[in-house]
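Read off the chains here:
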2 protein chains.
Amino acid sequence: MLCFTDVMTNIPSPQNAQVSRGVSGAGEVLQLFLDGNAHSRTDLAALTGMARSTLQERLDTLTQLGLIGLVQEGASTGGRPPQRIALLPEARLILAIDLGASHLRVALSNLASVPQFQAQSPIVLSDGPEVILQAALKLADDLLSKAKRQRDDIIAVGMGVPGPVIFDTGQPANPPIMPGWDRFNIPEWFHQHLDALVIVDNDVNLMALGERNQNDEDNDNFLFVKIATGIGSGIISGGLLQRGAQGTAGDIGHVRIRRGDGIFCHCGNEGCLEAVASGPKIAQALRDQDIEAHSNTDVVDLVAAGNIQAIHAVRQAGRDLGEVLAASVSLLNPSQIVIGGRISAAGEHLLAGIREVVYQRGAPLSTQHLQIRTSRSWEDGALRGASMIALHHALSPQAIEAKATELLAAN
Amino acid sequence: MLCFTDVMTNIPSPQNAQVSRGVSGAGEVLQLFLDGNAHSRTDLAALTGMARSTLQERLDTLTQLGLIGLVQEGASTGGRPPQRIALLPEARLILAIDLGASHLRVALSNLASVPQFQAQSPIVLSDGPEVILQAALKLADDLLSKAKRQRDDIIAVGMGVPGPVIFDTGQPANPPIMPGWDRFNIPEWFHQHLDALVIVDNDVNLMALGERNQNDEDNDNFLFVKIATGIGSGIISGGLLQRGAQGTAGDIGHVRIRRGDGIFCHCGNEGCLEAVASGPKIAQALRDQDIEAHSNTDVVDLVAAGNIQAIHAVRQAGRDLGEVLAASVSLLNPSQIVIGGRISAAGEHLLAGIREVVYQRGAPLSTQHLQIRTSRSWEDGALRGASMIALHHALSPQAIEAKATELLAAN
DNA sequence: CCACTTTTGTCGAGAGTCAATAGAAGTATG
DNA sequence: CATACTTCTATTGACTCTCGACAAAAGTGG
């Protein structure tokens, strides 16, 4: 029933991580450990349906790869206590990179997708890929020496960029705000310096993936919205991240809204959501009322300070966003909408505006179980997502199977 | 969950054959025949990467199940001529049912998903499931005797209903226009009369699936829109039909549009697309101009006759629809939008209105390769889709594997 | 009619998996 | 503290499945 190939390009939610009974290699056994839990061999045999002897074969392979190992013994349940086996989270590293309009964030994550070491630096996107990727690699090297690890320990690289990406090749596709990056082959560049799998995706998509796996609820259908300097969204539908035909799915910033009549957007169209409700536009609206607000942070601070006009403006932005989200709910019928990005720090006021419109416009069927909330991860959302997707690909059954074959050939 | 193409690519190619260690059973071999083409054994061995002897084992199983057989011998290419093996399209039957607001259509399809015998009758939906399903079964029996086949020949039932469905269980979920059908277990009902797999889905979803497989172009991301008495859509994204959390995805009829201000919809909200651009509303708009138009057919006929006001009204409906579709394009980035339903017979005029708005509002990236066209299948679209989805499930690797095991147990 | 090509049927070797059995390491009990 | 019992781990031979080789069959072309 599930499309196996699609699992490649997405991170399944924990409850979907099942092993197909009967035929399963070392790669599929590994999947059982990805939740971070330790298991006894008997446990695993029951889970996979394999004979313990067969299972042992797989475990040997994974142990030789250094990915799993014994952890503390479990408590006896009346007989010999089980040896507990688990993923060794520090066995390898994931290099996560979040490229923003004006910043570069780099992190080293362990195999639990938790960023362990983190660094960032301001950049100028138009310096082009060569300069910026070099800077990213430099930061990575710094982190590596801080972590006392080496480049060889990096098993995969996950990178988020602020624009559409051809996911299969890892090339940015006509990114509006990334001059010089169009079709630049990012994975190829990394392969010259690292022997690792490289995954590139749109940053909002990565934030969506990162957010998704943070809660255990039904998250096969949800929408992540980033509201900051721009407005974008990542769509997870049917359990899979949706990228669309050209990788531009989720581009809600340029949907027309009612309050946008007569307001022109930098994209050349009239009445775009982004031309009305983005962080800079909220700030501008406040300046028009002689309130000092120049950045997204200013807006958030004003709201936090209880400034009435700022609260009003944010709530109105919420309504505007809600207009688009109401349509999205009709179209996609998600079970959750999560709001992230700098402006989402304005929390309840933004949500109030969104909810006001979405619950008014939405069909009862679609909205009765709909949750709308703010994101649980902040700046590091994209980094977490990047770690997760890179990890997922690097530890996919196919990838592990390939490594196992390699190992076998070497012996 | 449906993925015709992905199932195909799931057959290990020669170079992957070593990695996936021959886990392909009879079920996966069958998938190679679903395109309707005949293959020689050597062909198949090359395609699957299996040894011919192994392949033969699988073919024996499928032959015993009666699903495949020898067809005419192929031409010699310099040596012994190959025996060509193909799916036997008449081996089993698919029962396809399309339940509409006021009609019931039933068809018997062969394994190529082509409806062979077809019948229909008017119904009253509110008579409830028992009466109507009985009527459907009666029609099916009539067709069976006409086809000189029996109930046992039916391998699967595919049924489309005009409302949301919990796909996994086949139960309608709070369908607005189907009183008495809520949570009725349709598959269970059929199981009392037929030993067949039963698949139930929303009718527009089925039309989308039916349309999808009619053209060979990239159709992993496309949107099917039905415009008739109501307006709805079926979403195929990432190669899969999207149903959403409650099965109500694609419900574009109740998205608010600009021209809808002050117009109230039967759903209780203001300004819904359906309250402005549906068939009955177009007819009403024409009547307001003292033009005799009472049905969808009247509207289509007037347009065909070149009536200026009707053309204008249809084009305007296209613009209204385009407004919603422009947002959908931003959100989903499809490569195709297909318009079906009764009103789509008004063809180019409707399309012109849609294109006008979509291409104006859409981002260049998303619209440069976007095709917008009318459907190629008409009344039988849902029947074709129902056949296809039922067939796909009935002949899925898993289902075939199960049947093969059964067969083995019997021997 | 014979050499050559291509496809089809058969069978033993080898790889991989399983279930059984023996052994190890604990707990409960008198 | 010895014994019975429980639970987990290690090993091994039997069994199943798949592969590749080989031989036969059924054509073509000179």
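Each chain has its residues counted from 1, following the order in which its sequence is written. Each chain is given a letter, starting from A, and each ligand a number, starting from 1, according to the order in which they appear as written. Side-chain atom pairs in this predicted model are given and counted only at pLDDT of 80 or more, local residue features only at pLDDT of at least 70, and totals for whole chains, interfaces and linings cover all residues. Heavy atoms from the whole structure form the basis of all side-chain values; hydrogens and water molecules are not counted.

This part covers the overall build of chain A. Secondary structure is summarised from DSSP: a helix means a run of H or I of at least four residues, a strand means a run of E of at least two, and numbering begins at the N terminus for each. Counting secondary structure elements, chain A contains 15 helices and 14 strands. Against the 2.2 N^0.38 benchmark of 22 Å for 411 residues, chain A shows a C-alpha radius of gyration of 23 Å, consistent with a compact globule. Along the first, second and third principal axes, the C-alpha atoms of chain A reach 70 × 50 × 40 Å. Within chain A, buried positions represent 56% of all 411 residues. A separation of at least 24 residues holds for 62% of the contacts in chain A among residues at least 6 apart in sequence. Entry remark: accessible area of chain A is about 16,700 Å², with carbon and sulfur atoms responsible for 51%. Neither His nor the chain ends contribute to the count of charged residues, in which Lys and Arg are positive and Asp and Glu negative. All charge positions are set by atom: Lys at NZ, Arg at CZ, Asp at CG, Glu at CD. Seen as two clouds, the 31 positive and the 43 negative side-chain charges of chain A have centres 4 Å apart. It is over C-alpha atoms that the radius of gyration is taken, and the globule rule equals 2.2 Å times the number of residues to the power 0.38. Think of it in three bands: residues with accessible area under 20% of the maximum for their type are buried, residues over 50% are exposed, and the middle band is partly exposed, with areas taken using a 1.4 Å probe on protein chains only. The contact rule is simple, with two residues in contact once any of their heavy atoms fall within 4.5 Å. Where accessible areas are quoted, they stem from the Shrake-Rupley method and a 1.4 Å probe; at the residue level, only the protein chains shown are allowed to cover.

Here chain A averages 86 in pLDDT, and 91% of its residues register 70 or above. Confidence of the predictor in every single residue is expressed as pLDDT, which spans 0 to 100. Confidence over residues 1–9 of chain A falls short of pLDDT 50; this stretch has 24 contacts with residues more than four positions distant or in other chains.

This part covers unusual backbone geometry. The backbone of Asp290 of chain A shows a phi angle near 60°, a positive value even though the residue is not glycine. Structurally, Asp290 of chain A can be placed in the loop between helix H9 (279–288) and helix H10 (296–304). With a phi close to 45°, Asn174 of chain B is a non-glycine residue in the positive phi region. Classification of Asn174 of chain B as partly exposed rests on a relative accessible area of 31%.

This brings us to the packing of helix H7 (residues 203–212) of chain B against helix H14 (residues 381–394) of chain B. All names here are of chain B. Here, axes are lines fitted to C-alpha atoms. For helices the fit covers the stretch in contact, and angles between N-to-C directions go from 0 to 180 degrees. Across the interface, H7 lies against H14 with an axial gap of 7 Å and an inter-helix angle of 80°. In terms of orientation, H7 and H14 fall into the roughly perpendicular class. Across from Asp203, Leu206, Met207, Leu209 and Gly210 in H7, the residues of H14 making contact are Gly381, Ala382, Gly385, Ala386, Met388 and Ile389. Should an angle fall under 35 degrees it is taken as roughly parallel, and over 145 as roughly antiparallel, whereas 65 to 115 is taken as roughly perpendicular and any remaining angle as oblique.

The next point concerns the pattern of salt bridges. Take a side-chain nitrogen of Lys or Arg and a carboxyl oxygen of Asp or Glu: if they are within 4 Å of each other, that pair is a salt bridge. Taken as a whole and assessed by the stated rule, the structure comprises 34 salt bridges over all chains. The closest approach of N and O atoms between Arg243 of chain A and Asp201 of chain A, which form a salt bridge, is 2.7 Å. Pair noted here: Arg243 of chain A is in the loop between strand S12 (240–242) and helix H8 (274–277) and Asp201 of chain A is in strand S9 (residues 197–202), with a separation of 42 residues, a long-range link. Under the relative-accessibility criterion, Arg243 of chain A is labelled buried at 12%. Given a relative accessible area of 2%, Asp201 of chain A falls into the buried group. The network of salt bridges with common partners includes Arg256, Asp261 and Glu270 of chain A together with Arg258 of chain B.

Whether a residue is near a molecule or strand depends on its heavy atoms: if one lies within 4 Å, it is near. Around DNA strand C, a shell composed of 19 residues is seen, among which Thr54 and Arg58 of chain A together with Gly79, Arg80 and Gln83 of chain B lie nearest. For DNA strand C, the fraction of atoms within 4 Å of the protein that belong to sugar or phosphate moieties is 63%. Between DNA strand C and Ser53 of chain A there is a distance of 2.9 Å, counted from a base nitrogen to a side-chain nitrogen or oxygen. Take Arg58 of chain A: an N or O atom from its side chain is 2.7 Å from a phosphate oxygen of DNA strand C. For the surface near DNA strand C, the elements supplying multiple residues, two or more each, are helix H4 (52–64) of chain A together with helix H3 (41–48) and helix H4 (52–64) of chain B. Amino acids outside the nonpolar list (Ala, Val, Leu, Ile, Met, Phe, Trp, Tyr, Cys, Pro) and the charged list (Asp, Glu, Lys, Arg) are all regarded as polar, and Gly is one of them. In terms of residue class, the surface near DNA strand C is built from three nonpolar, eleven polar and five charged. The term polar contact refers here to a pair of N or O atoms within 3.5 Å; inside protein, the definition further demands a hydrogen-donor-capable atom paired with an acceptor-capable atom, and it admits residues adjacent in sequence only when both atoms are side-chain atoms.

Let us now look at the packing of aromatic side chains. Residues and elements named next belong to chain B. In this analysis, rings of Phe, Tyr and Trp, with Trp reduced to its six-membered ring, are considered paired at centre separations within 6.5 Å, and the interplanar angle assigns stacked below 30 degrees, edge-to-face beyond 60, and tilted for intermediate values. Counting across every chain of the model gives four aromatic pairs over all chains. Geometrically, the ring pair formed by Trp181 and Phe184 is edge-to-face, given 6.4 Å between the ring centres and 70° between the ring planes. Assessed through its relative accessible area of 0%, Trp181 is described here as buried. A residue is classified by how much of its surface remains accessible, and Phe184, at 22% relative accessible area, is partly exposed. On the numbers, 5.2 Å between centres and 90° between planes, the contact of Trp189 with Phe190 is edge-to-face. Overall, Trp189 belongs to the buried group, its relative accessible area being 4%.

Nonpolar side chains tend to gather and get buried jointly when the protein is soluble and globular. Leu325 of chain A together with Leu325 of chain B are the most contacted members of the largest nonpolar core, which has 81 residues in total. For this core, the leading source of residues is helix H11 (residues 308–332) of chain B, giving twelve residues. Residues contacting Leu325 of chain A, with those up to four places away along its chain left out, are Leu223, Val225, Ile252, Ile337, Ile339, Ile354 and Val358 of chain A. Grouped together as the second largest cluster of nonpolar side chains are 33 residues, Leu93, Val161, Ala196 and Val200 of chain A included. Residues enter a nonpolar core if they are buried and are Ala, Val, Leu, Ile, Met, Phe, Trp, Tyr or Cys, with the set joined through side-chain atoms within 4.5 Å.

Taken together, the contacts link 57 residues of chain B with 54 residues of chain A. Defined in terms of a 1.4 Å probe, buried area is the accessible area two parts forfeit on being brought together, summed over both. Interface area for chain B against chain A, summed over the two sides, is near 4,400 Å², with a carbon-plus-sulfur share of 48%. If you look at where chain B meets chain A, you find 30 residue pairs in polar contact (both at pLDDT 80 or more). Among the elements of the structure, helix H1 (4–9), strand S12 (231–237), strand S13 (240–242), H11, helix H12 (347–361) and helix H13 (364–367) of chain B are those that each provide at least two residues to the side of chain B that touches chain A. Sort the elements by how many residues they give to the side of chain B that touches chain A and H11 of chain B lands first, with five residues. Along the lines of polarity and charge, the residues of the side of chain B that touches chain A split into 21 nonpolar, 27 polar and nine charged.

Taken as rigid bodies, chain B and chain A are interconverted by a rotation of 180° and an axial shift of 0.1 Å, the fit giving an RMSD of 0.1 Å. The superposition operator between the copies reduces to a two-fold rotation axis. Fitting of the copies onto one another was done by least squares over C-alpha atoms, counting residues only where both copies have pLDDT of at least 70.

Residue and element names in this part refer to chain A. The split into domains, and so the bounds of each, comes from an automatic or database assignment of domains. Splitting chain A by domain gives domain 1 (4–87), domain 2 (93–208 + 381–410) and domain 3 (218–374). With 19 residues of domain 1 at the contact, the number on the domain 2 side is 15 residues. In this assembly, domain 1 packs against domain 2 so that about 1,500 Å² is buried in total across both faces, 77% of it on carbon and sulfur atoms. At the boundary of domain 1 and domain 2, one finds zero salt bridges. Linking domain 1 with domain 2 are three residue pairs in polar contact (both at pLDDT 80 or more). Of all the secondary structure elements, the ones that give two or more residues to the side of domain 1 that touches domain 2 are helix H1 (4–8), helix H2 (26–31) and H4. It is H2 that contributes the most residues to the side of domain 1 that touches domain 2, five residues altogether.

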